[in-house]
Structures are given as structure tokens and as C-alpha cells.
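# Observations on chain architecture
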Amino acid sequence: QMPKLDGFGLLTRVRSSRLKRLQEIPFILVSGAESEEERDRAKAMGVSDFITKGIGTAEILTRLNHLLELARTRHQLEESRKQMVQDMKSGVFTRKFIELQAAQALSHAARHNSEVSVIVLGLDHFDQIVEDIGTELADQVATRFAQLLAGKMRKEDNLGIYDRGQYVIVSPGVSPARCASFADRVRE
């Protein structure tokens, strides 16, 4: 019931932000209304917790501390996932690992005056695909795409996740022309 933007409007802006850290920030909605309809609406919009006005300060602080601890734990889990070598869903290398592979391949190519190609391939408008068919099915499509790529590569090439719905291939000894030719075949 604020003059320009109510709590639901603010929640919508926060959850639709382009910044991941804002999308995932704990959000406690304090409201004077106690109806189940209001609680369900808040939950559907991604609220972390719902508190009715008049609740004690100690209770608010307890809930806030729990949400902050949950956020810290999620962040630590995400950081540990980044350290893994293989992505659990698709079975291909993680972004961190493939970045290391690319750095090594580029260093080797520079020392030995040879070529290396790095190519990023992905599904166009992947966010729209997720919106249209859902996260689970979209992830299955992306995993199948990764499997298709893996079947077209040489053994000395490395395939890894670049971003959601995008994969990177590091190919030592491959010229830019051969890399472009490969990309055209995959696109077709």
C-alpha cells in the first residue's frame, strides 16, 4: 500500500532483474493482510518469507538470519559446483575446467607455432525455449545437443559448458577455416 509501488510490485522488479544476485536475494514481504490468497500470491511470485505486521522484532531477526544462512549455503554450493570437472546433468566439462583446457591449448599452440580453435555453439533464444517448454525439458534438449556435439568431435577435442544452452569446443591443431566448416555442418 505504498504510494507508487507496493511490495508485490517491488518483488516483481527484483525477481525479474537481469542481475542474478538480485533475482536470488532473500525477500521478506511484510503485509497487513493475512489472507491465504495473499500468501499464495506472494509464494507464486517468489517471496522468501511472508510476515504479517505486528510480529515481534525477535521473530523477524530470526527469519532474516535463517534466510541469510540459506543464501550463504546456496552460494557455497554454487561455488563448489564451479570447481567440479564435469557437469552432473550433461556429463560434459564444466566452464571452469574448459577455460583451463582452452588456456593450455592456446599456450601450447603459441609455443609450438601451431593452431587451435575455440568455438561456442548453442541453442538460439534458449531463455525463450525454457519459458515455452519448461526448465526440465529445455535442459534435456540442451543435453541432447551436447551429446550430438560430442559425437561429432575428435578425441583430442574438449567439450564443455559455456553458458546455459551453450557449449564450447576447444580443438587443438584445427585452423579457423576447418572450425568454421565444422560449425556450418552442425548448424545445418
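Computed from a predicted structure; not experimentally measured. (Residues numbered from 1 in each chain as written. Predicted model: local features only at pLDDT ≥ 70, side-chain atom pairs only at ≥ 80, totals over all residues. Heavy atoms only, no water.)

## Thoughts on the packing of helix 6 (residues 126–133) against helix 7 (residues 135–152)
Condition: Fitted lines through C-alpha atoms serve as axes, helices being fitted only where they are in contact, and the angles separating the N-to-C directions of these axes extend from 0 to 180 degrees. Numbering of helices and strands runs from the N terminus, with a helix taken as a DSSP run of H or I at least four residues long and a strand as a DSSP run of E at least two residues long. Each angle is binned into one of four classes, with values under 35 degrees roughly parallel, values over 145 roughly antiparallel, values of 65 to 115 roughly perpendicular, and all other values oblique. We call two residues contacting when some pair of their heavy atoms lies within 4.5 Å. Under the scheme applied, nonpolar residues are Ala, Val, Leu, Ile, Met, Phe, Trp, Tyr, Cys and Pro; charged residues are Asp, Glu, Lys and Arg; polar residues are all the others, including Gly.
Between helix 6 and helix 7, the least distance of the axes is 7 Å, while the angle of their chain directions is 135°. Classed by the angle they form, the pair helix 6 and helix 7 counts as oblique. Of the residues in helix 7, those touching helix 6 at Phe 126, Ile 129, Val 130 and Ile 133 are Thr 135, Leu 137, Ala 138, Asp 139, Val 141 and Ala 142. Looking at the contact of helix 6 with helix 7, its residues break down into eight nonpolar, one polar and one charged.

## Observations regarding the nonpolar core
Within soluble globular proteins, side chains that are nonpolar generally end up buried alongside one another. The following threshold applies: In this text, buried Ala, Val, Leu, Ile, Met, Phe, Trp, Tyr and Cys residues form a nonpolar core when linked through side-chain atoms within 4.5 Å. Each residue gets one of three labels from its accessible area relative to the maximum for its type: buried under 20%, exposed over 50%, partly exposed in between, using a 1.4 Å probe on protein chains only.
Counting 20 residues, the largest nonpolar core has Leu 121, Leu 149, Leu 159, Tyr 167 and Ile 169 as the members making the most contacts within it. Of all the elements in the fold, those that place two or more residues in this core are strand 3 (116–122), helix 6, helix 7, strand 4 (158–163), strand 5 (166–172) and helix 8 (176–187). Broken down by element, the residue count for this core peaks at five residues, all from helix 7. Once you skip the residues sitting within four places of it in the chain, Leu 159 turns out to touch Val 92, Phe 93, Ile 98, Ala 146, Leu 149, Ala 150, Met 153, Tyr 167, Val 168 and Ile 169. Counting eight residues, the second-largest nonpolar core is a separate cluster that includes Phe 8, Phe 27, Ala 42 and Val 47.

## Quick word on unusual backbone geometry
Even without being glycine, Asn 113 reaches a positive phi, approximately 50°. Here Asn 113 is to be found in the loop between helix 5 (95–112) and strand 3. The phi angle at His 125 is positive, at roughly 55°, despite the residue not being glycine. By the secondary structure assignment, His 125 is in the loop between strand 3 and helix 6.

## So, the sheet that holds strand 4
Going by this rule: DSSP-based pairing: two strands are paired if at least 2 bridges between them are found.
The sheet built from three strands is open, its strands ordered 3-5-4 with antiparallel pairing. Edge positions in the sheet fall to strand 3 and strand 4, since each of these pairs with one other strand and no more. For this sheet, the mean inter-axis angle between neighbouring strands, taken without regard to orientation, is 25°. Sheet strands in contact with helix 5 are strand 3, strand 4 and strand 5, and its direction is about 125° off that of strand 4.

## A short note on the pattern of salt bridges
We count it as follows: Each salt bridge in this description consists of a side-chain nitrogen of Lys or Arg and a carboxyl oxygen of Asp or Glu lying within 4 Å of one another.
On inspection of all chains with the given rule, the structure shows nine salt bridges. A salt bridge links Glu 156 to Arg 154, with the shortest nitrogen-to-oxygen separation between them at 3.1 Å. Residue classification places Glu 156 among the partly exposed residues on the basis of a relative accessible area of 43%. For Arg 154, a relative accessible area of 27% corresponds to the partly exposed category. Within the structure, one salt-bridge network assembled from shared partners comprises Asp 49, Glu 59 and Arg 63.

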